[in-house]
Amino acid sequence: QVQLVESGGGLVQAGGSLRLSCAASGGTFSSRGMGWFRQAPGKEREFVAAINWIGRTYYADSVKGRFTISRDNVKNTLYLQMNTLKPEDTAVYYCAAQGGLYSGIQEREREYSYWGQGTQVSISS
């Protein structure tokens, strides 16, 4: 069983930056694909970014060029560096881990078996 705990959310002004972290425990972190998703008020949860077990990355068009996903397999931690933040980035951000090992990059929620509790990111205009 994999446990995921996000941190790093907060309130920043538009144009600012935040770095989210997701600490993983209880599983083989280095062998799992990981992803970030977000859910804005009144909207469905959506894909943000993903990274597979060898470090290949993939981004939603809305964050490409502004967000960077990375992982530290020694610290069992997933990161999301968010730059040039916009009010429309306001959401609860969730990290997720795929159930299988050595899988490819996935942007579909159903491919992820483990989820964190989420961290709130609020961007003021």
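What counts and how
Residues numbered from 1 in each chain as written. Predicted model: local features only at pLDDT ≥ 70, side-chain atom pairs only at ≥ 80, totals over all residues. Heavy atoms only, no water. Helix = DSSP H or I, 4+ residues; strand = E, 2+ residues; numbered from the N terminus. Buried < 20%, exposed > 50% of the residue type's maximum accessible area, 1.4 Å probe, protein only. Lys, Arg positive; Asp, Glu negative; His and termini not counted. Charge placed at Lys NZ, Arg CZ, Asp CG, Glu CD. Core = buried A, V, L, I, M, F, W, Y, C linked by side-chain atoms within 4.5 Å. Contact = heavy atoms within 4.5 Å. Salt bridge = Lys/Arg side-chain N within 4 Å of Asp/Glu carboxyl O. Pairing = 2+ DSSP bridges. Axes fitted to C-alpha atoms, helices over the stretch in contact; angles between N-to-C directions. Phe/Tyr/Trp six-rings, centres within 6.5 Å; stacked < 30°, edge-to-face > 60°. Lys NZ or Arg CZ within 6 Å of the ring centre and 35° of its normal.

**Observations regarding the overall build of the protein chain**
In step 1: In terms of regular secondary structure, the protein chain is built from zero helices and eleven strands.
In step 2: Put simply, the protein chain runs from its N terminus to its C terminus through helices and strands in the order β-β-β-β-β-β-β-β-β-β-β.
In step 3: Once the C-alpha set of the protein chain is aligned to its principal axes, its extents read approximately 40 × 25 × 25 Å.
In step 4: Considering the protein chain as a whole, with its 125 residues, one finds that 44% of them fall into the buried category.
In step 5: Charged side chains in the protein chain number 13 positive and 10 negative. The centres of these two groups are separated by 5 Å.

**Some thoughts on the nonpolar core**
In step 1: In this structure, Leu4, Trp36, Leu78, Leu80, Met82 and Tyr93 are the most contacted members of the largest nonpolar core, which totals 35 residues.
In step 2: Contributing elements (two or more residues each) for this core: strand E3 (18-25), strand E4 (34-39), strand E5 (46-51), strand E7 (67-72), strand E8 (77-82), strand E9 (91-98), strand E10 (112-115) and strand E11 (119-124).
In step 3: Apart from the residues within four sequence positions on either side, Leu78 is in contact with Leu20, Ser21, Cys22, Phe29, Met34, Gly35, Trp36, Ile51, Ile69, Ser70, Arg71 and Cys95.

**Regarding the pattern of salt bridges**
In step 1: Under the definition given, this model contains seven salt bridges.
In step 2: Residue Glu111 pairs with Arg108 through a salt bridge whose shortest N-O separation is 3.2 Å.

**Things to note about the sheet that holds E8**
In step 1: Pairing in this open sheet of four strands is antiparallel, and the strands run E1-E3-E8-E7 from one edge to the other. Here the strands that pair on one side only, and so sit at the sheet edges, are strand E1 (3-7) and E7. The sheet shows a mean angle of 15 degrees between the axes of neighbouring strands, direction not considered.
In step 2: Relative to E8, E3 is paired through six bridges, and the arrangement is antiparallel. Paired with Ala23 across the bridge in E8 is Thr77.

**What to know about unusual backbone geometry**
In step 1: Backbone geometry at Asn76 places phi at a positive 55 degrees, although glycine is not the residue there.
In step 2: As for its placement among the helices and strands, Asn76 is situated in the loop between E7 and E8.

**So, the pairing of E5**
In step 1: Within E5, five of the six residues are buried, leaving the element largely enclosed by the surrounding structure.
In step 2: The pairing of E4 with E5 spans five bridges and is classified as antiparallel. From the neighbouring strand, Gly35 faces E5, where its bridge partner is Ala50.
In step 3: Counted between consecutive antiparallel strands, the loop separating E4 from E5 contains six residues, among which Gly42 sits at a positive phi close to 75 degrees.
In step 4: Judged from the three bridges that link them, E5 and strand E6 (residues 57-59) form a sheet pairing that is antiparallel. Bridge pairing links Ala50 to Tyr58 in E6.
In step 5: A loop of five residues connects E5 with E6, the two strands running antiparallel in sequence, and Gly55 in this loop sits at a positive phi of about 95 degrees.

**Concerning the packing of aromatic side chains**
Between two aromatic rings, the relevant description is the distance of the centres plus the angle of the planes.
In step 1: By the definition in use, this model includes six aromatic pairs.
In step 2: Between Phe37 and Trp115, the ring centres sit 5.0 Å apart and the planes meet at 55 degrees, which makes this aromatic pair tilted. Of this pair, Phe37 sits in strand E4 while Trp115 sits in strand E10, and the two are 78 residues apart along the sequence.
In step 3: Among the residues examined, Phe37 registers a relative accessible area of 1% and is labelled buried.
In step 4: Here a set of aromatic residues connected by ring pairs shows up, and it is made of Phe37, Phe47, Tyr58, Tyr112 and Trp115.
In step 5: One Lys or Arg, Arg19, reaches over the ring of Tyr79 and ends 3.9 Å from the middle of that ring.

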